[in-house]
Amino acid sequence: KNREEQFRNQKENRLETFLKHAASTAERLDGTRDKWDENRKEHYTKLLERADTDAEKQAVAKFRSAMDAAVSKRRAAIDAAIKTFQLDVKTMLGSRKGGLEKAAADFRTSEQAAIKEAQDACKKGTDIKTVRQRFNKKLQTMQRTFEGDRKDANRLGVGLDGLARKRQEAFREAREAYESAARKARQELKTALGA
């Protein structure tokens, strides 16, 4: 039971740490986005101040609309990638918990069976030294099996690496789509302003 409690606490601590990290990342991202929004608004204002004709003002408005749409699309893609990553990590942590709980339950079941077998052997009059040796040997085997199962359940690194690569690829695609849309919008603005 002590092992089960230890596993439960480890799982809860990992999930809690993950959720805290996710929340702080979201806060930092929101703060950064607010700064970018302010900078873009200032840029749009400066562009409007330099626009002399109605055609130039319309070009600035079109530029602003295109840039806002590109930013919105990029944010939605990044938010979706983050949400997918977080859900996948929670699922992975949940399966890890199941693996650890199964390892503990299997150990407990094997341990109880070994104890009963030793008790039955003693009742039949088997030499106590022989019973003890068999029991200790089985216990060592069970502990090795348990440690192997526990290590298998704790191998999150490979899965997390794959999830992180998937998230980074989604980020890259969002940035590239944004850059393409922004280049087009800037070029159209330059053409309209005659720059």
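All values reported here derive from a predicted model rather than from experimental measurement.

Draft legend 1. Local environment of the packing of aromatic side chains. One pass over the structure, following the stated rule, counts two aromatic pairs. Judged by centre distance (6.2 Å) and plane angle (85°), the rings of Tyr44 and Phe63 are edge-to-face. A residue pair is termed long-range when its members are at least 10 positions apart, and Tyr44 in helix H1 (residues 2-50) and Phe63 in helix H2 (residues 54-123) qualify at 19 residues. Taking the relative accessible area as the measure of exposure, Tyr44 reaches 3% and is therefore buried. Judged by its relative accessible area of 6%, Phe63 falls in the buried class. Note on Phe107 and Phe146: the rings are 5.4 Å apart at their centroids and 50° apart in plane angle, and the pair reads as tilted. Of this pair, Phe107 sits in helix H2 while Phe146 is found in helix H3 (residues 128-154), placing the two residues 39 residues apart along the sequence. The ring of Tyr178 is capped by Arg74, whose NZ or CZ atom sits 4.0 Å from the centre of that ring. The aromatic ring of Phe85 is capped on one face by Arg167, whose charged end is 4.1 Å from the ring centroid.

Draft legend 2. Examining the layout of surface pockets more closely. By volume, the largest pocket is sized at about 160 Å³. As for the largest pocket, its lining consists of Phe18, His21, Ala22, Thr25, Ile82, Phe85, Gln86, Arg167 and Phe171. Per-element accounting of the lining of the largest pocket gives the leading share, four residues, to H1.

Draft legend 3. Spatial organisation of the nonpolar core. By size, the foremost hydrophobic cluster in this structure holds 13 residues, and its most contacted members are Leu47, Val60, Phe63, Met67, Tyr178 and Leu189. Where this core is concerned, the elements lending two or more residues are H1, H2 and helix H4 (157-193). If you tally residues by element for this core, the top one is H2, at six residues. Non-local contacts of Leu189, meaning those with residues more than four positions away in its chain, are made with Leu47, Ala59, Val60 and Phe63. Membership of the second largest hydrophobic core comes to seven residues, among which are Ala103, Ala104, Phe107 and Ala114.

Draft legend 4. Expanded view of the pattern of salt bridges. Counted according to the given criterion, the structure contains 11 salt bridges. Ionic pairing is found between Asp37 and Arg75, a salt bridge with its closest N-O pair at 2.7 Å. On the criterion of sequence distance, the pair formed by Asp37 in helix H1 and Arg75 in helix H2 is long-range, its members being 38 residues apart. For Arg75, a relative accessible area of 16% corresponds to the buried category. Between Lys62 and Glu188 there is a salt bridge whose closest N-O contact spans 3.8 Å. Of this pair, Lys62 sits in helix H2 while Glu188 sits in helix H4; the two residues are 126 residues apart in sequence, bridging distant segments of the chain. What you see here is one network of salt bridges that share partners, running through Asp37, Arg40, Arg64, Asp68 and Arg75.

Cut-offs applied
Residues numbered from 1 in each chain as written. Predicted model: local features only at pLDDT ≥ 70, side-chain atom pairs only at ≥ 80, totals over all residues. Heavy atoms only, no water. Phe/Tyr/Trp six-rings, centres within 6.5 Å; stacked < 30°, edge-to-face > 60°. Helix = DSSP H or I, 4+ residues; strand = E, 2+ residues; numbered from the N terminus. Buried < 20%, exposed > 50% of the residue type's maximum accessible area, 1.4 Å probe, protein only. Lys NZ or Arg CZ within 6 Å of the ring centre and 35° of its normal. 1 Å grid on protein atoms, 1.4 Å probe; cavity = no way out; pocket = protein on both sides within 12 Å on 5 of 7 lines; lining within 4 Å. Points joined across faces, edges and corners; volume = space filled by probe spheres on them. Core = buried A, V, L, I, M, F, W, Y, C linked by side-chain atoms within 4.5 Å. Contact = heavy atoms within 4.5 Å. Salt bridge = Lys/Arg side-chain N within 4 Å of Asp/Glu carboxyl O.

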